[in-house]
Amino acid sequence: VLLILIGMFILSSCDQQEKKPENDIIIYGDYKCPYYKKVEEEIMPKLKKEYIDTDKAKFKFVNMAFLGKDSIKGSRAGHAVQNVAPKQYLEFQNKIYSKQPNHEGRWITNSLLDKEISSLNISDEKKEKIKKSYKSKNSQSWKDAAKDIKLAKEKGVEEVPEVYINNKQINDTYNIKEYEKLLEK
């Protein structure tokens, strides 16, 4: 009887271990980049549904924030969401890209970011924590935004979008078949 109980405990412990995704998707972008907006609209819904939401892939967006000071502000807000409410990050990213206008002027403002953060389905406490973080110098979101910029420079990324799946670069970032080919290996 004792052996059976020990065996059941071991099996239940194994079932509770978190399943790690088998694929890594890393995308270098900028919230102000109209080329990445196309990836966000045409590729991300399928990646999210088929791979990210099903834990077949882990997703990381490296925000290069190189298209203006408001890009940096957007990157900080994105990191604040990721740090406080990680399950809402892709929703936040999608909301920001949906607001992208057809011009290169400044448009990522505290007002826009606060509105999109307020629309997330999270507690008011988390919303305030996110807003405070992206606006506070030396916060974790500021440090994370700086890390993204440094990582992109170290990798030699000069244009976005640039996509890597399992450390292999995608040639045509607008062709879902290229993603699927590497994700299904």
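Keep in mind that what you see is a predicted model, and the values were worked out from it rather than measured.

### Examining the side chain of Lys-32
Positionally, Lys-32 belongs in the loop between strand S1 (23-29) and helix H2 (34-42). The class of Lys-32 is buried, set by a relative accessible area of 9%. In terms of polar contacts, Lys-32 uses its side chain to reach the backbone carbonyl oxygen of Glu-104, at 3.5 Å. Within the local environment of Lys-32, its side chain forms a polar contact with the backbone oxygen of Gly-105, the two atoms lying 3.3 Å apart. Once residues lying within four places of it in the same chain are set aside, the contact partners of Lys-32 are Leu-67, Asp-70, Ser-71, Gln-100, Glu-104, Gly-105, Arg-106, Trp-107 and Ile-108.

### Observations concerning helix H3 (residues 44-52)
Listing the buried residues of H3 in full gives Met-44, Leu-47, Tyr-51 and Ile-52. Buried residues in H3, looked at end-on, bunch into an arc of 70°, giving them a common side. Residues of H3 that are buried make contact with S1, H2, strand S2 (57-63), helix H5 (89-98) and helix H9 (176-183).

### Things to note about the sheet that holds strand S3 (residues 162-165)
Pairing is mixed across the open sheet formed by four strands, whose spatial order is S2-S1-S3-S4. Looking at which strands have only one partner, the edges of the open sheet turn out to be S2 and strand S4 (168-169). When S1 meets S3, the two strands line up antiparallel, connected through four bridges. Bridging across to S3, Ile-27 finds its partner in Val-163.

### Considering the nonpolar core
Judged by nonpolar contacts, the single largest core of 47 residues is most densely connected at Tyr-36, Leu-47, Phe-59, Phe-92 and Tyr-179. Per-element accounting of this core gives the leading share, five residues, to H5. Excluding anything up to four places from it in sequence, Phe-59 contacts Ile-25, Ile-27, Tyr-36, Met-44, Ile-52, Tyr-89, Leu-90 and Gln-93.

### Focus: unusual backbone geometry
The omega torsion of the bond from Val-160 to Pro-161 falls at 0°, within 30 degrees of zero and hence cis. Relative to the elements of secondary structure, Pro-161 occurs in the loop between helix H8 (140-155) and S3. With a phi angle near 50°, Asn-166 is a residue other than glycine that sits in the positive phi range. Considering the arrangement of structural elements, one finds Asn-166 in the loop between S3 and S4. Here Asn-166 falls in the partly exposed class, since its relative accessible area comes to 29%. The backbone of Asn-167 sits at a positive phi, close to 70°, despite the residue not being glycine. Tracing the chain through its elements places Asn-167 in the loop between S3 and S4.

How each quantity is defined
- Sequence positions are assigned chain by chain, starting from 1 and proceeding in written order.
- Side-chain atom pairs in this predicted model are given and counted only at pLDDT of 80 or more, local residue features only at pLDDT of at least 70, and totals for whole chains, interfaces and linings cover all residues.
- The side-chain quantities take in all heavy atoms of the structure and omit both hydrogens and water.
- Put simply, DSSP H or I for four residues or longer makes a helix, DSSP E for two residues or longer makes a strand, and each gets a number counted from the N terminus.
- Type-normalised accessible area, obtained with a 1.4 Å probe on protein chains alone, sets the label of each residue: buried when under 20%, exposed when over 50%, and partly exposed for intermediate values.
- Each polar contact in these results corresponds to two N or O atoms within 3.5 Å; when the atoms are within protein, one needs to be able to donate a hydrogen and the other to accept it, and residues that are neighboring in sequence are counted only if both atoms are side-chain atoms.
- Whether two residues are in contact is decided by their heavy atoms: any pair within 4.5 Å suffices.
- As used here, the arc belongs to the directions running from the helix axis to the C-beta atoms.
- Strands qualify as paired when DSSP identifies two bridges or more between them.
- Buried Ala, Val, Leu, Ile, Met, Phe, Trp, Tyr and Cys residues that are joined via side-chain atoms within 4.5 Å together make up what is termed a nonpolar core.

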